[in-house]
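A look at the structure
So the chains spell out like this:
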Amino acid sequence: MLPDFAQAISAPLQDFERHLLEASARIERWFRLEWQDHTPPFYASVDLRNAGFKIAPVDTNLFPAGFDSLSEDTLPLAVQAAMAAIEKYCPDARNLLLIPDARRRDARYLRSLRRLSTILRQTGLRVRYGSVDPALASPVRIDAGDGETLLVEPLVRRGFRVGLADFDPCSILLNDDLPAGLPEVLANVHEQVLLPPLHAGWALRRKSRHFAAYAEVARRFARQFDFDPWLVTTHFVECSEVDFVGGAGVDRVAAAVDRILRQARARYREHGIDEAPFAVVKANAGTCGIGVTPVRDAAQLRRASPAERQAMASGPSGRAVDEVVVQEGVRTVETVDGGVAEPVVYTIDRYVVGGFYRVHTQRGPDENLNAPGMHFVPLPFAASCHLPDHGESVEHAVNRFYVYGVVARLALLAAAVELEQTDPDPSLYG
């Protein structure tokens, strides 16, 4: 399904997309050489925004939940990609321990876990579920809401290994982004492969570091292929020691908004874009769509109501937000089923394996769509994520989705660089 685009998508973006399509063979070689120097995260999802004059990632999740929303046509590719990843880390692996997000028991998340497990089992692995929740003392069956159940068991620590009472895995796959901190049971695990590594969780990870790594990757890519890197990036500023409720640091956040808006206006003038830019204020340590606030001028922050400030101060799992990223906002010109839409691209290892449109009928093109009321429409990536059709127009679904895959892989490469740069001393885990 190709989404409905606004009637006037500006020529510059189409020229930029056409430029990438014509260079597709060189682009694939560039990625192949980059992956010789960097190890991709086991899996990821990348939220993209197509503004009609730029396509840029606005978030990269290293613990994706949404595999149930991928098209079934993409599953063979996902299995092949997972097999390549497992062979890289543990070639003779038989057992894999999947650790779900202990906070979530909603039906959609449980369907995602089952789809992910299906992909992993098709690689020849035995997959079981273990919980990092110290309060879980015995196995529990969780009702998935469709007649199926998932058996989640307490973890058992044996020296430097973690498993279940009767299950010793070679690899441990985390699907919990750890906003509340590093689980003690996973500290100093040296004899097994932990995917992703603990410092990929929000206990240690920061969006600002990812965006900085992405800016450098995009700059190198744009220089190699001769286009303006702003077409695939966003300006951003990091602000720490912020207390939205008490007011401390809010002036610095407002100043950052002013700076981002000035930079955006300058780039809009340079590219002949007749729109008013906006900024987005979001938590620096994960959001799950919580506390993502579009801002059109700095005064909006200063006059925010107590309820609005409380919303900005609240993170996932009740974690207080005291550091934020102010990011250049990117509108979306895409619509699906009468709702505003943004593409979300999924990867396993270095491969694009599918994606979906996040659609919201009650939100505007400059608002956060990761909110209650959203629904999902699978992207037909199976035949298009790596093979553009040079005989078709830029707007054709095959070519549009190829470009999405390129930008998503830039974010994936940035995540790999980010994890290398932020790999902490092992003592942090003890």
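Refer to the structure printed above.
Residues numbered from 1 in each chain as written. Predicted model: local features only at pLDDT ≥ 70, side-chain atom pairs only at ≥ 80, totals over all residues. Heavy atoms only, no water.

What to know about the sheet that holds strand 14 (residues 293-295)
Counted only if it meets this: Paired strands, as defined in this entry, are two strands with at least two bridges between them according to DSSP. The secondary structure listing takes helices from DSSP runs of H or I that are at least 4 residues long and strands from runs of E that are at least 2 residues long, numbered from the N terminus. The axes used here are C-alpha line fits, helices contributing only the stretch in contact, and every angle between their N-to-C directions lies in the interval 0 to 180 degrees.
The four strands are arranged 12-15-13-14 in an open sheet whose pairing can be described as antiparallel. Edge strands, defined here as strands with exactly one partner in the open sheet, are strand 12 (236-239) and strand 14. On average, each strand axis in the sheet is inclined to that of its neighbour by 25 degrees, with strand direction left out of account. Taken together, the four bridges between strand 12 and strand 15 (residues 324-328) define a ladder with antiparallel strand orientation. The residue of strand 15 that forms the bridge with valine 237 is valine 326.

Observations regarding empty space enclosed by the protein
Test applied: With a 1 Å grid laid over protein atoms only, a set of points is called a cavity when a 1.4 Å probe fits there but cannot get out and a pocket when it is open yet has protein on both sides within 12 Å along at least five of seven lines; lining residues have an atom within 4 Å of a point. Grid points are joined across faces, edges and corners, and a volume is the space filled by probe spheres set on the points. Each residue gets one of three labels, nonpolar for Ala, Val, Leu, Ile, Met, Phe, Trp, Tyr, Cys and Pro, charged for Asp, Glu, Lys and Arg, and polar for the others, Gly among them.
Scanning the model with the defined rule gives three cavities of 30 Å³ or more in all. Its boundaries defined by the atoms lining it, the largest cavity holds a volume of some 80 Å³. A breakdown of the residues in the lining of the largest cavity according to their chemical character gives five nonpolar, two polar and four charged. Lining the second largest cavity are Pro57, Phe211, Tyr214, Ala215, Thr233, Thr234 and Phe236. Taken together, the residues that form the lining of the second largest cavity break down as five nonpolar, two polar and no charged.

Observations concerning the pairing of strand 4 (residues 95-99)
In plain terms, the rule: The rule is simple: take the accessible area with a 1.4 Å probe, protein chains only, and divide by the maximum for that residue type; under 20% is buried, over 50% is exposed, in between is partly exposed. By the criterion used throughout, a crossover qualifies as right-handed when its path from the first strand across the helix to the second strand runs clockwise, the strands pointing away from the viewer.
In terms of burial, strand 4 is a largely internal element, five of the five residues being buried. On strand 4, burial covers both faces: Asn95, Leu97 and Ile99 on one face and Leu96 and Leu98 on the other are all buried. Here strand 4 runs beside strand 5 (residues 126-131); their pairing, made up of four bridges, is parallel. For leucine 96, the partnering residue across the bridge sits in strand 5 and is valine 127. Read as a crossover between parallel neighbours, the route from strand 4 over helix 4 (residues 107-121) to strand 5 is right-handed. Note: strand 4 against strand 10 (residues 171-174), four bridges, orientation parallel. Bridged to leucine 98 within strand 10 is leucine 173.

Points about the nonpolar core
Keep this limit in mind: Side-chain atoms within 4.5 Å are what join buried Ala, Val, Leu, Ile, Met, Phe, Trp, Tyr and Cys residues into a set we call a nonpolar core.
Grouped together as the largest cluster of nonpolar side chains are 74 residues, with contacts concentrated most on Ile27, Phe221, Phe227 and Tyr357. With 17 residues, the single largest contributor to this core is helix 9 (residues 397-421). Listed in part, the 37 residues of the second largest apolar core include Leu110, Tyr129, Ile142 and Ala144.

Re the sheet that holds strand 5
Taken together, six strands build an open sheet; the order of strands is 6-7-5-4-10-11 and the sheet is mixed. Strand pairing shows two members of the sheet lacking a second neighbour, strand 6 (140-143) and strand 11 (193-195), which therefore form its edges. Ignoring which end each strand starts from, the neighbouring axes of this sheet average 35 degrees apart.

Here's the deal with the environment of glutamate 342
As a reminder, the rule being used: In this description, contact between two residues means that some pair of their heavy atoms is separated by no more than 4.5 Å.
Mapped onto the secondary structure, glutamate 342 falls in strand 17 (residues 339-348). Sequence separation of glutamate 342 and leucine 174 is 168 residues, and the distance between their C-alpha atoms is 26 Å. Filtering out sequence-adjacent residues up to four positions away, glutamate 342 remains in contact with Asp47, Leu48, Arg49, Phe356, Tyr357, Arg358 and Leu369.

Looking at the pattern of salt bridges
Note the cut-off: Only one rule defines a salt bridge in this text: a Lys or Arg side-chain nitrogen within 4 Å of an Asp or Glu carboxyl oxygen.
The final tally for this structure, using the stated rule, is 27 salt bridges. Two residues, glutamate 418 and arginine 205, come together in a salt bridge whose shortest N-O distance is 2.7 Å. Of this pair, glutamate 418 sits in helix 9 while arginine 205 sits in the loop between strand 11 and helix 5 (207-225); the two residues are 213 residues apart in sequence, bridging distant segments of the chain. Like arginine 205, glutamate 418 is buried. Each member of the salt-bridge network shares a partner with another, and the members are Asp47, Arg49, Glu342 and Arg358.

Structural notes on the side chain of arginine 309
Spelled out, the test is: Asp and Glu are treated as the negative residues and Lys and Arg as the positive ones, with His and the ends of the chain left uncounted. Between N or O atoms, a polar contact is any pair within 3.5 Å; within protein, one atom must be a potential hydrogen donor and the other a potential acceptor, and residues adjacent in sequence are included only when both atoms are from side chains.
Considering the arrangement of structural elements, one finds arginine 309 in helix 8 (residues 306-313). One buried charged side chain, arginine 309, makes no salt bridge at all; its nearest oppositely charged neighbour is aspartate 251, positioned 7.0 Å away. Separated by 3.5 Å, the side chain of arginine 309 and the backbone oxygen of phenylalanine 244 make a polar contact. Filtering out sequence-adjacent residues up to four positions away, arginine 309 remains in contact with Phe244, Val245, Gly247, Val250, Leu301, Arg302 and Ala304.

Quick word on the packing of aromatic side chains
Put simply, the test is: Pairing of aromatic rings covers Phe, Tyr and Trp, the last through its six-membered ring, and needs centres within 6.5 Å; plane angles under 30 degrees mean stacked, over 60 mean edge-to-face, and all others mean tilted. Charges are assigned to positions over rings by a cutoff of 6 Å between ring centre and Lys NZ or Arg CZ, combined with an angular limit of 35 degrees from the ring normal.
Counted under the stated rule, the structure contains 17 aromatic pairs. Measuring from centroid to centroid gives 5.5 Å for tyrosine 346 and phenylalanine 356, while their planes differ by 45 degrees, and the two rings are tilted. With tyrosine 346 in strand 17 and phenylalanine 356 in strand 18 (residues 351-360), this residue pair connects regions lying ten residues apart in the sequence. Judged on exposure class, the residue tyrosine 346 and its partner phenylalanine 356 are both buried. If you follow arginine 108 out to its NZ or CZ, it ends over the ring of phenylalanine 376, 3.9 Å from the centre. Seen from the ring of phenylalanine 31, arginine 409 lies directly overhead, with NZ or CZ sitting 4.5 Å from the centre.

So, the packing of helix 2 (residues 24-34) against helix 9
Filter applied, for reference: Any angle from 65 to 115 degrees is called roughly perpendicular, while one under 35 is roughly parallel, one over 145 is roughly antiparallel, and all others are oblique. By convention the crossing between two helices is left-handed if the near helix lies anticlockwise of the far one by an angle smaller than a right angle, and right-handed if it lies clockwise.
Taken N-terminus to C-terminus, the directions of helix 2 and helix 9 make an angle of 20 degrees; their axes are 12 Å apart at the nearest point. Looking at the two axes, helix 2 sits roughly parallel to helix 9. Here helix 2 runs over helix 9; the crossing is left-handed. Contacts between helix 2 and helix 9 involve Ser24, Ile27, Glu28, Trp30, Phe31 and Glu34 from the first element and Tyr402, Val406, Arg409, Leu410 and Leu413 from the second. Split by residue class, the contact of helix 2 with helix 9 holds seven nonpolar, one polar and three charged.

Limitation: the analysis is restricted to geometry and does not speak to function.
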